[in-house]
Amino acid sequence: MRLLLLITLCIGIGSESAARAVGPKHYDLVVVGATPGGVACAVRAAREGMNVLLVNRHAHLGGILSSGLGVWDTRWEGHRAPIYDELRAAGFEYYRTKYGDDSQQYRDALPGKRGHTNGRFEPHVVERLIDDMVGREQRISVVRGYVPAKVQRDGAKLLAIEFREMRGDKTFEATAETFADCTYEGDLLALAGAKYRVGREGRAEYNEPHAGRVFMRATLKPPSAEAEALAEQHQKLKLRPFLGYQEILPASTGAADGVVQACNYRTMLSTDASKSLRVAEPANLDPYFLKSLEVYSGVESVPNGKFSWNRPQIIGLQTGYVEADWPKRQQIMDEHWETTLALLYFLQNDRSVPEKVREGWSKYGLATDEFVDNGHRPYEMYVREARRLVGRYVFTEHDALLAKNSARAPIHADSIAMTEWYLDTHGCTTDRVPGSLEEGKMMLHQETFPGQIPYAATLPKEIDNLLVPVCLSATHVAWGTVRLEPVWMQTGEAVAFAAKLAHGLRIAPAQLDADRLVRTLARHKSMITFFNDVDVASSDGWVAAAEYFGTKGFFADYDIRPEEPLKPATAKVWADGLERLRAGTLDPTAIARAVALAERNDTSPSAPAESKQTRAAALEQMFSQLP
């Protein structure tokens, strides 16, 4: 099935002249891919005084944010990291200033109480805000319409990238001290020779319960006493709640394969007849094929009477997209788009669709004030998973679950970002068994707990000056809690700090002392450790200390309790941990277990009298004693 489409080539006015102006030229940092993670990386690096080149394959910055995502996928409503916080706040302020405090637009933009209502926006609005953010940084040079074509590498050092036009033969070369692959596809890391993975690990490889080929059944009731206990513990977290449970069905083999999860367009629809375009009947409508898709998938509202349609998924094409060249990828994207238009027409007109459903869908048309230079088609398809780096640490499912005999997920001393979205994977194949979702689909709302992403997960083993904050090192299952724009904006900004620190020391980022980076992120108000009771944007000195010591095992759960008195047994463990930290012998997991035991002892009837010093004051004092 093919539809005749007029597709505007988006390489951007001035791209060619910009390419001639920058190449060959040397930069402190070259960022490939103006995804939200790439934007955060480039902006932070520029603000830290680095000269940055930001290269994007088309004219529009912002990745899926400016291509119809429409919502911030996060369960945490508090501050997270400076660039992310700044952009999110700018979106709310845009609607408040333009339409007023009491406007429907502003109310629609603000977070709701539960589910997928955590801050919404129109694509052209967030793109404008991103353009403004990047444009204010004089140290950023932006080139649009180019992709990496060749690299020069000397052993573990990446020297240069040759960029080629997406639609043409012109090239330019850029050299740099450090490079960052911020593409959704991991194109630079593959071109540079870094090891990566496409597809699913088997269950036995990392002992992940949900790895490999898996069939899940959804239920509103807990399937086991363990699931019920996890849900009760999860309710203590100040995260956006999602209902329901899932259980693994016996047909799940856990076998490895080369399949990634489904992708689709985030089509922007409108119900305003003056601002919407009706879809014409396709030449070769195939109702049998369309009925095999998730036909009655819903839409999510965004401000100004628009709706983001998060379907259809043509399961089967997504894996071929990953390793394909751009002409082949374009064919795959075209097929997804044509199917999207065909399904919309089918839902509005086909007599086999119930009349009430047809009436409901008939009010929608393509939003004519979105993607105006691209036939109202989003500039990017929602690529949920592509290559994944196999780095110096592999983030697994276990990093997003409670550690054994613990009230926290595993602790990483080199944490640079936190995860909190549930392990969320879309269908991988169209197979089903009785009562199951699509094979591979899972949404582990109750089992997933906030985790820590190690700096090592952004570092290729083979290359010392390449940073990978988007297609970072994680398993297929763990990818479900990593693959969100708020996470990638945080990791993108974090590796920019790493690039700056390494630049100042004249070393490669892989040679950087990770503890130095962790302290920098804590001081710059980044939530590298999730806590219920902290605002990382606060100027209180103990906040940075808590974030830092949260990566060292000084907390056994997700609460700091800053104003409580520091009790004796806990104080002793903290003092011991500080000494071990100074000596370089600290084991964060062992300290966390000791803290848990101490806190139980502190609450026993025979516990000694507590100190007058608060936990917050003790944290701040310890932080000041670090070298």
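Residues numbered from 1 in each chain as written. Predicted model: local features only at pLDDT ≥ 70, side-chain atom pairs only at ≥ 80, totals over all residues. Heavy atoms only, no water.

Peer 1: Explain the overall build of the protein chain to me, using residue names and the numbers behind them.
Peer 2: Broken down by element type, the protein chain carries 19 helices and 20 strands. Here the C-alpha radius of gyration of the protein chain, 25 Å, is about what a compact globule of 627 residues would show, namely 25 Å. Seen through its principal axes, the protein chain has C-alpha atoms that stretch 80 × 60 × 55 Å. The contacts of the protein chain with a sequence gap of at least 6 include a subset with a gap of at least 24, amounting to 78%. Here the protein chain has roughly 23,900 Å² of accessible surface; of this, 51% comes from carbon and sulfur atoms. For the protein chain, the distance from the average site of its 74 positive side-chain charges to the average site of its 81 negative ones is 0 Å. (Helix = DSSP H or I, 4+ residues; strand = E, 2+ residues; numbered from the N terminus. Rg over C-alpha atoms; globule rule 2.2 N^0.38 Å. Contact = heavy atoms within 4.5 Å. Areas by Shrake-Rupley, 256 points an atom, 1.4 Å probe, with all protein chains shown as cover. Lys, Arg positive; Asp, Glu negative; His and termini not counted. Charge placed at Lys NZ, Arg CZ, Asp CG, Glu CD.)

Peer 1: Pulling in residues and values, what's your account of the packing of aromatic side chains?
Peer 2: Counted according to the given criterion, the structure contains 26 aromatic pairs. Their ring planes at 20° and their centres at 5.1 Å tell us that Phe-163 and Phe-172 sit as a pair that is stacked. Through successive ring pairs, a cluster of aromatic residues spans Phe-531, Tyr-548, Phe-549, Phe-554, Phe-555, Trp-574 and Phe-623. Here Arg-408 stacks its cationic end above the ring of Phe-531, 5.3 Å away from the centre of that ring. (Phe/Tyr/Trp six-rings, centres within 6.5 Å; stacked < 30°, edge-to-face > 60°. Lys NZ or Arg CZ within 6 Å of the ring centre and 35° of its normal.)

Peer 1: Describe the pattern of salt bridges, and please don't skip the residues or the numbers.
Peer 2: Under the criterion given, the structure shown has 39 salt bridges. In this structure, Arg-88 and Glu-77 form a salt bridge, with 2.8 Å as the shortest nitrogen-oxygen distance. Of this pair, Arg-88 sits in helix 3 (residues 82–99) while Glu-77 sits in the loop between strand 2 (52–56) and helix 3; the two residues are 11 residues apart in sequence, bridging distant segments of the chain. Classification of Glu-77 by relative accessible area gives partly exposed; the value is 32%. (Salt bridge = Lys/Arg side-chain N within 4 Å of Asp/Glu carboxyl O. Buried < 20%, exposed > 50% of the residue type's maximum accessible area, 1.4 Å probe, protein only.)

Peer 1: Could you give an account of the sheet that holds strand 14 (residues 365–367), naming the residues involved and the relevant values?
Peer 2: Taken in spatial order, the five strands line up as 11-14-10-13-12 in an open sheet, and their pairing is antiparallel. Taken across any chain shown, the strands that pair with only one partner, and hence form the sheet edges, are strand 11 (276–277) and strand 12 (299–302). Sheet analysis places strand 10 (residues 267–270) next to strand 14, joined by two bridges and oriented antiparallel. Counted as the bridge partner of Leu-269 is Leu-366 from strand 14. (Pairing = 2+ DSSP bridges.)

Peer 1: Would you mind going over empty space enclosed by the protein in detail, with residue names and values included?
Peer 2: Under the criterion given, the structure shown has four cavities of 30 Å³ or more. Quantified by volume, the largest cavity comes out at close to 140 Å³. Elements with a minimum of two residues in the lining of the largest cavity: strand 2 and strand 4 (146–154). Top element by residues in the lining of the largest cavity is strand 4. It accounts for three residues. Broken down by class, the residue content of the lining of the largest cavity amounts to eight nonpolar, four polar and four charged. The space that makes up the second largest cavity amounts to roughly 70 Å³. If you go around the second largest cavity, the residues you meet are Trp-72, Leu-87, Arg-88, Gly-91, Phe-92, Gly-119, Arg-120, Phe-121, Val-125, Val-126 and Leu-129. A total of four residues in the lining of the second largest cavity trace back to one element, the largest contributor, which is helix 3. In the lining of the second largest cavity, the residues fall into seven nonpolar, two polar and two charged. (1 Å grid on protein atoms, 1.4 Å probe; cavity = no way out; pocket = protein on both sides within 12 Å on 5 of 7 lines; lining within 4 Å. Points joined across faces, edges and corners; volume = space filled by probe spheres on them. Nonpolar A, V, L, I, M, F, W, Y, C, P; charged D, E, K, R; others polar.)

Peer 1: An account of the confidence of the model for the protein chain is needed here, citing residue identities and associated values.
Peer 2: Here the protein chain averages 94 in pLDDT, and 95% of its residues register 70 or above. Highest mean pLDDT in the protein chain belongs to strand 20 (residues 466–467) (99); lowest belongs to helix 1 (residues 15–22) (45). Taken together, the stretch residues 1–21 has pLDDT below 50 and engages in 49 contacts with residues farther than four places along the chain or on a different chain. (pLDDT = per-residue confidence, 0-100.)

Peer 1: Could you give me a rundown of the packing of helix 3 against helix 5 (residues 123–135), with the residues and numbers involved?
Peer 2: Two packed helices can be described by the angle between their axes and the distance between those axes. The interhelical angle for the contact between helix 3 and helix 5, taken along N-to-C directions, is 125°, at an axis separation of 10 Å. Classified by the angle their axes make, helix 3 and helix 5 are oblique. Judged by the sense of rotation from one axis to the other, the crossing of helix 3 with helix 5 is right-handed. Only Val-125, Val-126, Arg-128, Leu-129, Ile-130 and Met-133 of helix 5 make contact with helix 3, whose side of the interface consists of Ile-83, Glu-86, Leu-87, Ala-90, Gly-91, Tyr-94 and Tyr-95. (Axes fitted to C-alpha atoms, helices over the stretch in contact; angles between N-to-C directions. Parallel < 35°, antiparallel > 145°, perpendicular 65-115°, else oblique. Left-handed = near helix turned anticlockwise from the far one by under 90°.)

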